[in-house]
Each structure stands twice: as C-alpha cells, then as structure tokens.
Amino acid sequence: MESRVLLRATATVTGVPQLRRPIRAINRHFSTASSSFTAFAKPIGSIGEGGNLISGRQLRPVLLLDSSPEKREILKPVRAAAAEGGDSAGETNVGFLGKYPWLVTGFFFFMWYFLNVIFNILNKKIYNYFPYPYFVSVIHLFVGVVYCLVSWSVGLPKRAPINSDILKVLIPVAVCHAIGHVTSNVSFAAVAVSFTHTIKALEPFFNASASQFLLGQPIPITLWLSLAPVVLGVAMASLTELSFNWLGFISAMISNISFTYRSIFSKKAMTDMDSTNVYAYISIIALFVCLPPAIIVEGPQLLKHGFNDAIAKVGMTKFISDLFWVGMFYHLYNQLATNTLERVAPLTHAVGNVLKRVFVIGFSIVIFGNKISTQTGIGTGIAIAGVALYSVIKAKIEEEKRVSSSLFIVSFL
C-alpha cells in the first residue's frame, strides 16, 4: 500500500531520479515553489488522476522523500520499478488470494452466513430441552472469552493494551451488548426463531428514532418512508404468528432498544484498537454483566432440576458438547461479521446483513418445521424488503456525505 502511495506521489515531481537529491535541495525547491502552491496542489488533489490525497489528507512530499534508512528501504522497489519502465509492476508476484480478493470476501460472507445459521439452529435445539436463556447466554460469552484468552496467549492476535480511559468508553457498549444478548436469547427460547428475527428487523426503526430524537440528527424523509413497510410487516406477522407470546415479543423489542444504544455508545467509543481486540474486551465485560442475573434468576432452578433434566434427556456428553459449540459459533459469527464489514463497503454489508436474516428465517422454518400462516409469511417478506430498502438508502446517503466531505477538503486544500 505504501509503495503504491509513493508511486502516486512521485508522479507529481519531475521524475523519480529526483529522489536521490539531497533533502536540503528538496526543501529549497519546495520553499521557492510556495508561491505557486495552489497550482501545484491542483493536479495532485485528484485521486482519480493518481494524486496523493488519501482519505481527505494531503501527503507531504518532504515526508515521503525522507532520507531515513526505513524510507530508503521502502523507496528501493519504487526506483527499481521506475528503472524498468514501470512494466514490471504489474508482473509482481502476488499470492493467489491477492490476485482474487473477491474469493476472500466471498469466503467471509459464506462463513458469516453458515456460522449464523448453525448457531441459531443449535441454539434453538438446546432451548427445546434446556429452557434457561440466562445461563445459555453466559455460556455463549464464556466460551468466546476463553477463545480470546487462548488466542491472545499464542499471539493471534496480539493483545492490545487497555487503560482506564478505554475501559470507561467500552463499559457502556458492553452493558448494552449484554442486555441485548440476553433478551434476544429469552425471545429465542420463548417463540420461533423466525418470529424473533422478524421482530428484530425493527432495529433500524429504533436506530433512526434514537438518531432523530436523542442525538438530534435529522433523518431524511426517504429513510422514514422506507421504514413504513418494516413496521407494517412486523405488525402483520405478529398478529397471526402461531408461536406468539408476550415474553418473546417484549424481549425481542428490548433487544432492539439495547442494540440501538450499543450503536450510540459505540460511536463515542472509537479507539485505535483493532476490531478483534475491541470485541474481545467487550465480551469479557459483558460476561461479568450477565453472570449475576443468571445466578439470581435461574440459579436455584438449575441446581434443583435444570441440569439433571437436560442430562437425562440427551446425556452428559451431548449436553456439554452442545453448550461448547453454540458458544463457539456465537463468538465466531460475530467476529466474522465485524471482519466482513472491514472488507466491504457499507452498502454491501447492509445488503448482506438483510440476506443473512432471510437465510436464518428460511432455514429455521425448514429445520424445525414451524408452521406459519400466509399472513405471517407475507408480513415477514414485507418487513425484510423494507429493511433492505432502508439499508440501501442509508448506505447511499452515507456514501454521498463521505464524497461531499472529501470534495470539500480537496477544494479547501
């Protein structure tokens, strides 16, 4: 990446051989050219023309042409490529995955969908013989935390240091994550998986409401209109859902609210830490948040007959194996969702998230043989279509804001 930036930067100077000029001479060159900075900045400001404006910031030629040993090592392949006329740049040996990055992205999407579907199916099967969502939620997080600790111990990834300031901004995110996770599982245990995911399709509505009324960020009318079919679809599906009960419905709604606040706090908790380490720390904090309610609400029942009943139904080995794997699938699919977001544009990820929900609803109906009424099926379809429309519009609006912001910075420079 850095070599590509350097190649772009050198296009704005008279030629690559100038890299060998002493730094003092280069400084004198740029000081004498300060009066014509505007004319000089114009041709390098356009990214489309190979300019050196990256993420709205102009790279400084003096820094790029530093004579430090590290920079000289970086500049070697640049000079070599230029000496060969630049033709060898396209012939550089890159790995198979480097030539076909879409294969890696496709693999991330496939594993994200696959692990999410497997998690939802196994999770519901556990609740069919072990209906203790608070305890199972703790197991989800506990297995993930153990996985993170083992990964850190072998340096994959290297553990990022944390201090009190980072901890303060991560705690609200983790608390909302814990509440949303537990209430989602309460809903999964109480009603059909397909119905819970239909209700959770309302999450964009809560996000828009929070942005408009809590954060004071105006939401375009087009976004509000795209949410109308979501609300209508969920209402239609709820009225005729055969597995409907208020515990499942209210729990899923609380989950939507919790994840909305998680998004709000996440925007305030931006750190330099990579996403894998951030999610690991959030999982650790959320585990401590979920543990006390699980002990208070379900502890006595578990000790009295919960564990014994589950073991009597499926056996000790299957019971422990199911809990372990459901925890692994939960952690891995969430981690892959984050990694996928880093690889694709927001619009692609938004559409992928909608399709993921479609896959989960479809597979859960097939696997568990859930009977749904015609109105429930139509309502679910309308709700998912509304979420898709909302996601596309929102992603396009964010992209337009980003582009306009970049253009403003270019014109300012």
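Residues numbered from 1 in each chain as written. Predicted model: local features only at pLDDT ≥ 70, side-chain atom pairs only at ≥ 80, totals over all residues. Heavy atoms only, no water.

## Side note on the overall build of the protein chain
So, point 1. Each helix and strand in the protein chain was counted, giving 17 helices and two strands.
So, point 2. Buried positions account for 42% of the 413 residues belonging to the protein chain.
So, point 3. Sequence separation of at least 24 residues holds for 85% of the intrachain contacts in the protein chain that already meet a minimum separation of 6.
So, point 4. When the accessible area of the protein chain is evaluated, it comes to approximately 22,400 Å², of which 67% is carbon and sulfur surface. (Helix = DSSP H or I, 4+ residues; strand = E, 2+ residues; numbered from the N terminus. Buried < 20%, exposed > 50% of the residue type's maximum accessible area, 1.4 Å probe, protein only. Contact = heavy atoms within 4.5 Å. Areas by Shrake-Rupley, 256 points an atom, 1.4 Å probe, with all protein chains shown as cover.)

## With respect to the packing of helix H11 (residues 203–213) against helix H12 (residues 221–239)
So, point 1. In contact at an axis separation of 10 Å, H11 and H12 are set at 140° when each is read in the N-to-C sense. One finds that H11 runs oblique with respect to H12. H11 and H12 meet at a crossing whose hand is left-handed. Contacts from Pro204, Phe205, Ala208, Ser209, Gln212 and Phe213 of H11 reach H12 at Trp224, Leu227 and Val231. (Axes fitted to C-alpha atoms, helices over the stretch in contact; angles between N-to-C directions. Parallel < 35°, antiparallel > 145°, perpendicular 65-115°, else oblique. Left-handed = near helix turned anticlockwise from the far one by under 90°.)

## Brief notes about the pattern of salt bridges
So, point 1. Within the structure shown, the criterion is met by one salt bridge.
So, point 2. Ionic pairing is found between Asp322 and Lys318, a salt bridge with its closest N-O pair at 3.3 Å. Of this pair, Asp322 and Lys318 both sit in helix H15 (residues 316–343), four residues apart, which is roughly one turn of that helix.
So, point 3. Judged by its relative accessible area of 8%, Asp322 falls in the buried class. (Salt bridge = Lys/Arg side-chain N within 4 Å of Asp/Glu carboxyl O.)

## Thoughts on the nonpolar core
So, point 1. Counting 60 residues, the largest nonpolar core has Trp112, Ile126, Phe130, Phe135, Leu170 and Leu323 as the members making the most contacts within it.
So, point 2. When residues of this core are traced back to their parent elements, those giving at least two are helix H7 (101–129), helix H8 (133–153), helix H9 (164–190), helix H14 (275–314) and H15.
So, point 3. When sequence neighbours within four positions are dropped, the list of residues in contact with Leu170 reads Ile162, Val278, Tyr281, Ile282 and Ile285.
So, point 4. Membership of the second largest hydrophobic core comes to 16 residues, among which are Phe206, Val230, Val234 and Val387. (Core = buried A, V, L, I, M, F, W, Y, C linked by side-chain atoms within 4.5 Å.)

## Let's talk about a nonpolar patch on the surface
So, point 1. Where nonpolar side chains cluster on the molecular surface, the patch consists of Leu355, Phe359, Phe363, Val366 and Ile367 and spans about 470 Å² of accessible area.
So, point 2. Relative accessible area serves as the criterion here: at 40%, Phe363 is assigned to the partly exposed category. (Patch = residues over 30% accessible without salt bridge, like charges linked within 9 Å, V, L, I, M, F, W, Y side chains within 5 Å.)

## Details of the packing of H8 against H14
So, point 1. Between H8 and H14, whose axes approach to 6 Å, the crossing angle comes to 140°. It follows that H8 is oblique to H14 by the angle criterion. Considering only the axes of H8 and H14, their crossing is left-handed.
So, point 2. Residues of the contact of H8 with H14, tallied by class, amount to 21 nonpolar, two polar and one charged. (Nonpolar A, V, L, I, M, F, W, Y, C, P; charged D, E, K, R; others polar.)

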